[in-house]
Amino acid sequence: MHLYCCRCGHHPLDHGVPEGDTHERLTCSACGHVYYDNPKVIAGAIIEHEGRLLLCQRGIPPRVGTWTLPAGFMERGESVEEAAQREVMEETGIDAEILTPYSIFSVPPTNELYIIYRARLREWRASPGHETLDVKWFHPGDIPWDEIFYPAIRQILERYIDEHAGGTYGIYSGSMEGGTIHFMR
Ligand SMILES: [Zn+2]
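Along each chain, residues carry numbers from 1 onward, in the same order as the chain's sequence is written. In keeping with the model being predicted, local features are shown solely for residues with a pLDDT of at least 70 and side-chain atom pairs are shown and tallied solely at 80 or more, while totals for entire chains, interfaces and linings include all residues. Each side-chain value is derived from all of the structure's non-hydrogen atoms; neither hydrogens nor water enter the calculation.

As for helix α2 (residues 151–166)
Helix numbering and strand numbering both begin at the N terminus, where a helix is a DSSP run of H or I of at least 4 residues and a strand a DSSP run of E of at least 2. What a helix is expected to span follows from its residue count: subtract one and scale by 1.5 Å. Over its 16 residues, α2 runs 24 Å from end to end, which matches the ideal 22 Å to within 8%, given 1.5 Å per residue. Of the residues making up α2, those classed as buried are Ala152, Ile153, Ile156, Leu157, Arg159, Tyr160 and Glu163. Just downstream of α2, Gly167 is the residue with a positive phi angle, here 75°. For every residue, the accessible area obtained with a 1.4 Å probe (protein chains only) is divided by the maximum for its type, and the residue is called buried under 20%, exposed over 50%, and partly exposed between those limits.

With respect to the sheet that holds strand β3 (residues 34–35)
The strand order β1-β2-β3 describes an open sheet built from 3 strands, whose pairing is antiparallel. The open sheet has two free edges, formed respectively by β1 (14–16) and β3, since each of these has just one partner strand. We treat two strands as partners when DSSP finds at least two bridges between them. Sheet topology note: the strand β2 (residues 25–27)/β3 ladder contains 2 bridges and is antiparallel. Across the sheet, Leu26 pairs through a bridge with Tyr35, a residue of β3.

Examining the layout of surface pockets
When its volume is computed, the largest pocket comes out at roughly 690 Å³. Side-chain classes are defined by residue name, with Ala, Val, Leu, Ile, Met, Phe, Trp, Tyr, Cys and Pro counting as nonpolar, Asp, Glu, Lys and Arg as charged, and the others, Gly among them, as polar. Residue composition of the lining of the largest pocket, grouped by class: 18 nonpolar, 7 polar and 6 charged. Here the term cavity refers to a set of points on a 1 Å grid, laid over the protein atoms alone, in which a 1.4 Å probe fits but cannot get out; the term pocket refers to an open set having protein on both sides within 12 Å along at least five of seven lines, with lining residues being those that place an atom within 4 Å of a point. Grid points are joined across faces, edges and corners, and a volume is the space filled by probe spheres set on the points.

Structural notes on empty space enclosed by the protein
If you walk through the whole model with that rule in mind, you get 1 cavity of 30 Å³ or more. Looking at the largest cavity, its volume works out to about 40 Å³. Glu48, Gly51, Leu53, Pro140, Tyr160, Ile161 and His164 together form the lining of the largest cavity. With 3 residues, the top contributor of residues to the lining of the largest cavity is α2. Here the lining of the largest cavity is composed, by residue class, of 4 nonpolar, 2 polar and 1 charged.

Right under this line is the structure:
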């Protein structure tokens, strides 16, 4: 990731466990700077409008043409709710009202944390951005399950559709084990 120290320009950086630390880090032996490679947060939303759910069709690799929920990396200086709202706007052109967290899951192999909110349509403002081929509202019966690549996204949608009948939604947390996400109740 870093070849030269971003603080002092020293090269190369070292791998090791800094004194008093518990994990191996990239460190600079010249100035002592420690590079913390913490997991990245991906914020997204499951957006409902008049009983239909919003999916976007990926326009950029990986897996162009598959359908998924709008989601993306949180930026510095924003809250996770702002990140979810911004990603929805960028990928779908929709101004969504972010409601409550719905699914929180960790993917340790890729150092990612996903936080998916429930949301509802406030206004359809623009056409989707270049990362999206298409955006569609699906009735639960019309969801193209075979074209949704990520099992975790399918699990989230299935549960949401189940809960929709009763109108009460849980908040679920999970983690990837053996290649699939296991949600705890
Ligand atoms: Zn340095």
